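# Coordinates in review
Chain residues, written in single-letter form:
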Amino acid sequence: MSRASCEFSQKVKQEAKRRYYENNPGSELVNLEVHHKVSIKAGRQLGIPKHILKSQENAIALPDYEHEEYHRNEPTLEEYAIIAQGLLGITQIELDLL
């Protein structure tokens, strides 16, 4: 599974940004990055199919500064597994760490 095959479509990115602006009135000038809630790297390790990794449910728009901070404090693989189960409705992840 290549990284490029797991990237979001323009439609998914636009929808994530629309939701952010809708939930944060007055922030239309904030520059946003669309982020994977469960990263591609973690998704590969957890065996999550690429259609789920690039889905709208796995997309979140974050202001640039929050996106950078998130990557500095990236979740552990165990935390990604919990995020995947909770946010994406994945019920079975074969991971010995849980």
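Summarised in this report is the structure supplied together with it.

What counts, and at which threshold
- Residues numbered from 1 in each chain as written.
- Predicted model: local features only at pLDDT ≥ 70, side-chain atom pairs only at ≥ 80, totals over all residues.
- Heavy atoms only, no water.
- Salt bridge = Lys/Arg side-chain N within 4 Å of Asp/Glu carboxyl O.
- Helix = DSSP H or I, 4+ residues; strand = E, 2+ residues; numbered from the N terminus.
- Buried < 20%, exposed > 50% of the residue type's maximum accessible area, 1.4 Å probe, protein only.
- Core = buried A, V, L, I, M, F, W, Y, C linked by side-chain atoms within 4.5 Å.
- Pairing = 2+ DSSP bridges.

Applying the stated criterion across every chain, the model contains 3 salt bridges. One salt bridge connects Arg18 with Glu15, and the closest N-O pair in it is separated by 2.6 Å. Of this pair, Arg18 and Glu15 both sit in helix H1 (residues 10-23), 3 residues apart, which is roughly one turn of the helix. Looking at Glu15, the relative accessible area reads 26%, which means it is partly exposed. A salt bridge links Glu22 to Arg18; the nearest nitrogen and oxygen atoms lie 2.6 Å apart. Taken together, the residues span about one helical turn, with Glu22 and Arg18 both in helix H1 at a distance of 4 residues. Overall, Glu22 belongs to the exposed group, its relative accessible area being 52%. Ionic contacts of the salt-bridge type, sharing partners, join the residues Glu15, Arg18 and Glu22 into one network.

So, on to the nonpolar core. In this structure, Cys6, Val38, Ile40, Ala42, Leu46, Ile48, Leu53, Tyr80, Ala81 and Ala84 together form the largest nonpolar core, which totals 10 residues. Core analysis: the next-biggest nonpolar cluster, separate from the first, contains 8 residues, Phe8, Val12, Leu32 and Val34 among them.

On to the pairing of strand S1 (residues 32-36), then. Buried residues dominate S1, accounting for 4 of its 5 residues. Where S1 meets strand S2 (residues 59-63), 5 bridges bridge the pair, whose relative direction is antiparallel. When the sheet's bridge partners are listed, His35 is paired in S2 with Ile60.

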